[in-house]
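# Structure at a glance
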Amino acid sequence: MMVKRNGDSLRIAVQSNGRLTSYSLDLLRGIGLEFEDHERRLFARCRNFDVELLFLRDDDIPEYVADGVADLGIVGLNVIREQEADLEEMVQLGFGFCTLTLAVPNASPAMRPEDLAGSRIATTHPRSLARFLASRDIGADIVELHGGAEIAPALDVADAICDLVSTGTTLRMHDLRRIGDIWDSQAWMVSNVDLKADANRSALVSRLRVRLDGLLTARRLKYVTLNAPAEALPRIREILPGMRSPTVVPLADSGMVAVHAAAQEEVFWEAMERLKEAGATEILVLPVEKVMR
Ligand code: PRT
Ligand code: ZN
């Protein structure tokens, strides 16, 4: 399917109404795109970039990006894998986490995926399941559903299910038990494979990509400040190994220093308690909003 477009606007496909929608829109606003909320419209134009957002069912996003109807898309890895669409996986986005999992009723004797040989497995991810079963040489019948796999065993439509799990609440509510994970998924930014051939649009994508990397890096970074006796510095660096070249400033109190540094990883309460034991006081952990290196 080839669709003619007006001008050179870069088109980004986003889930219109689902689990990924608010994260996707926050991310696009986070990299500086300004647009109105879509409110059931198919398109939204950005005010400050030559970018159009296209709002779709998540299942349609890989195909639209592969066909060039959209240049970029935000979609779960599970959907990409299930559809085997020809796309470039650009950046993992750190939201929409879930795991494609095999589960059986609590009363089932099955303990491992291999125990499902000869059984019926209900799933909304038939291709992913078929590849997994083939890779383990497990012969089982795949019952393809479009939703609600968790009720299939109770209806005796299947002996087991293969579904996405995040908190595990749905499995527990349906008296199901995990017996093996197939793979983990999260949302990805994907790109059309021919986008590089378009100089204007790929220049814009490179620019947005730098911002995206900066935003995602910033989310991991924390800015730490504390006061400590100068001799505690080596111990402090052991406790915060992600701290790169800290700024160390002497304080008016002799022998005391102020330490300022960006930490490359989450700083947990436990680390702060150990800093305090090492002699640090006034420990502040601040979020970092944006980064460019
Ligand atoms: O309408 P549209 O087709 O766009 O949306 P959809 O209903 O098909 O998808 P949606 O919005 O439910 O999910 C979009 C994407 O979110 C998925 O493709 C996954 O990449 C990701 N994701 C993350 C999840 C889950 N977590 C998740 N828990 N998708 C679905 N689930 C379902 C799962 O299928 C099961 O029914 O939630 C239930 C289990 O959740 P827990 O928390 O009880 O374990
Ligand atoms: Zn869907």
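Small disclaimer: the values here were computed from a predicted structure and weren't measured. (Residues numbered from 1 in each chain as written. Chains lettered and ligands numbered in written order. Predicted model: local features only at pLDDT ≥ 70, side-chain atom pairs only at ≥ 80, totals over all residues. Heavy atoms only, no water.)

## Focus: the pairing of strand β7 (residues 120-123)
For the record, the criterion: Any two strands between which DSSP finds at least two bridges are classified as paired. The numbering of helices and of strands both runs from the N terminus, where a helix is a DSSP run of H or I of at least 4 residues and a strand a run of E of at least 2. If you view a crossover with the strands going away from you and the path from the first strand over the helix to the second runs clockwise, you call it right-handed.
Relative to strand β8 (residues 141-144), β7 is paired through four bridges, and the arrangement is parallel. Within the sheet, the bridge partner assigned to T123 lies in β8 and is E144. Regarding the hand of the β-α-β motif, the stretch spanning β7, helix α4 (residues 126-136) and β8 is right-handed. Sheet topology places β7 next to strand β9 (residues 160-165); three bridges connect them, and they run parallel. Note on β9: the bridge partner recorded for I121 is A160.

## Regarding the sheet that holds β9
Short version of the rule: For helices, the fitted line uses only the C-alpha atoms of the stretch in contact; every axis is such a line through C-alpha atoms, and the angle between N-to-C directions lies from 0 to 180 degrees. Contacts: residue pairs with any heavy atoms within 4.5 Å of one another.
Pairing is mixed across the open sheet formed by five strands, whose spatial order is β8-β7-β9-β6-β10. The sheet terminates laterally at β8 and β10 (176-185), the two strands that pair on one side only. Strand-to-strand twist across the sheet, computed as the mean angle between neighbouring axes with direction ignored, equals 25°. Sheet strands touched by α4: β6 (98-105), β7, β8, β9 and β10. Its angle to β8, the strand with the most contacts, is close to 170°.

## Observations concerning the coordination of the zinc ion (ligand 2)
Note the following rule: Only nitrogen, oxygen and sulfur atoms within 2.8 Å of the metal, or 3.2 Å for Na, K and Ca, are treated as donors, and water is left out, so sites may look incomplete. Angular criteria define each label, namely tetrahedral for four donors with all angles between 85 and 135 degrees, square planar for four and octahedral for six donors with opposite donors over 155 degrees apart and remaining angles between 65 and 115, and irregular for whatever fails these tests. For the exposure calls, accessible area comes from a 1.4 Å probe over protein chains only, and a residue counts as buried if that area is under 20% of its type's maximum, exposed if over 50%, partly exposed in between.
Looking at the zinc ion (ligand 2), one finds its protein donor set to be D58 (OD) and D59 (OD), positioned 2.0 to 2.1 Å from the metal centre. Geometry at the zinc ion (ligand 2) is irregular, judged from its four donor atoms and the angles of 76 to 173° they form at the metal. Overall, the relative accessible area of 35% leaves D59 in the partly exposed class.

## Examining the side chain of H125
As for its position among the elements, H125 is in the loop between β7 and α4. Setting aside its immediate chain neighbours within four residues, H125 contacts N78, E82, L100 and L164.

## Some points on the site of ligand 1
For clarity, the threshold we go by: Consider each residue's heavy atoms; a residue with any of them within 4 Å of a molecule or strand counts as near. Definition of a polar contact: a pair of N or O atoms within 3.5 Å, with one able to donate and the other able to accept a hydrogen when the atoms are protein atoms, and with sequence-neighbouring residues admitted only if both atoms are side-chain atoms. Residue-level accessible areas treat just the shown protein chains as cover; the underlying method is Shrake-Rupley with a 1.4 Å probe. When residues are sorted by character, Ala, Val, Leu, Ile, Met, Phe, Trp, Tyr, Cys and Pro go into the nonpolar class, Asp, Glu, Lys and Arg into the charged class, and all the rest, Gly among them, into the polar class.
Neighbouring residues of ligand 1: 22 residues in total, closest R57, D59, N78, T167 and T170. Residue D59 places a side-chain N or O atom 2.7 Å away from an oxygen atom belonging to ligand 1. The contact in question runs from an oxygen atom of ligand 1 to an N or O atom on the backbone of T169, over 3.5 Å. Relative to its unbound accessible area of 840 Å², ligand 1 is 79% covered by the protein chains. Of all the secondary structure elements, the ones that give two or more residues to the shell around ligand 1 are α3 (77-83), β9 and α5 (169-173). The greatest single-element share of the shell around ligand 1, amounting to three residues, is contributed by β9. Of the residues that constitute the shell around ligand 1, the class distribution is six nonpolar, 10 polar and six charged.

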